[in-house]
There are 2 protein chains.
Amino acid sequence: MTTQVDEAFKKIQSSDRVEGFIILDIDGVPIKSTIGNSATVQYSSLVQMIIGISKHMFKKFDASDVLMSMRLHTKKNEIIIILDKLYTMIVIQSPSGVKPPM
Amino acid sequence: MTTQVDEAFKKIQSSDRVEGFIILDIDGVPIKSTIGNSATVQYSSLVQMIIGISKHMFKKFDASDVLMSMRLHTKKNEIIIILDKLYTMIVIQSPSGVKPPM
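Residues numbered from 1 in each chain as written. Chains lettered and ligands numbered in written order. Predicted model: local features only at pLDDT ≥ 70, side-chain atom pairs only at ≥ 80, totals over all residues. Heavy atoms only, no water.

If you look chain A up in an unreviewed UniProt entry, it shows as Dynein light chain roadblock-type 1-like from Sipha flava. In its Sequence similarities (unreviewed entry) section, UniProt records this for chain A: "Belongs to the GAMAD family." (UniProt positions renumbered as here; feature names shortened; annotations may be inferred.)

## A few points about the confidence of the model for chain A
Counting all residues, the mean pLDDT for chain A is 88, and 91% of those residues have values of 70 or more. Prediction confidence for the complex, expressed as pTM and ipTM, is 0.86 and 0.84 respectively. (pLDDT = per-residue confidence, 0-100.)

## Regarding the relation of the copies chain B and chain A
The operation relating chain B to chain A is a screw motion whose rotation component is 180°, with 0.0 Å of axial translation and a residual RMSD of 0.0 Å. Each copy turns onto its partner about a two-fold axis. A share of 100% of the interface residues of chain B reappears at the interface of chain A, consistent with the copies meeting face to face through the same patch. (Least-squares fit on C-alpha atoms with pLDDT ≥ 70 in both. Contact = heavy atoms within 4.5 Å.)

## Digging into the interface of chain B and chain A
The extent of an interface is frequently quoted as the accessible surface area lost upon association of the parts. The partner chain A presents 30 residues to the 30 residues of chain B that form the contact. Counting each side, the surface lost to burial between chain B and chain A is near 3000 Å², with a carbon and sulfur contribution of 72%. The largest contributions to the chain B side of the interface with chain A come from B:Ile53, B:Met57 and B:Phe61, which together make up 19% of the buried area. Where chain B touches chain A, the interface holds 2 salt bridges. The residue B:Asp62 makes a salt bridge to A:Lys76 at a minimum N-O spacing of 3.0 Å. Counting the contacts that link chain B with chain A gives 21 residue pairs in polar contact (both at pLDDT 80 or more). Secondary-structure elements contributing two or more residues to the side of chain B that touches chain A are helix 2 (37-61) and strand 3 (67-74) of chain B. (Buried area = accessible area lost by both parts, 1.4 Å probe. Salt bridge = Lys/Arg side-chain N within 4 Å of Asp/Glu carboxyl O. Polar contact = N/O pair within 3.5 Å; in protein donor to acceptor, adjacent residues only side chain to side chain. Helix = DSSP H or I, 4+ residues; strand = E, 2+ residues; numbered from the N terminus.)

As structure tokens, then:
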């Protein structure tokens, strides 16, 4: 991956709140992840199901509408999903602003 | 529903960006909606599927975690889902800040 992309990853990861992130390719295959394998596979597959249903929902009302991002907020976590034509980025961060102990 | 609740609904609906909202009871049955029947049914069922998978995903990593809200952002719409113990609120709004022509 280009240095520009690597710089962006470093910037994301330097944020106190970010616990990890995953990049999926156009087929939903994780191509980069900063968290463990099993968590990566689980997050990737479940996030894709959520994306699939969400896309289906929006298309029902407007076929030209395009899903761009999602933010899931829980008591202990926040997951931000950013969709691009070629990639999907999943960022897992703690909502409290304090990086959890590793 | 109490006047307090009605006041809250009026306030939400007075926002320029809000196109409509739906309230689901604990069983996911729509009990109040400001949009058409068929759209209400479709949004309600699909949003519940998204909530179900999201809850499942978070519980996989931390059984004590609780899904509180979701924000789905597309080119033409934004859907905010707020989960409470007894109710789920779905707000459909336009991201552009301009209320679309009715």
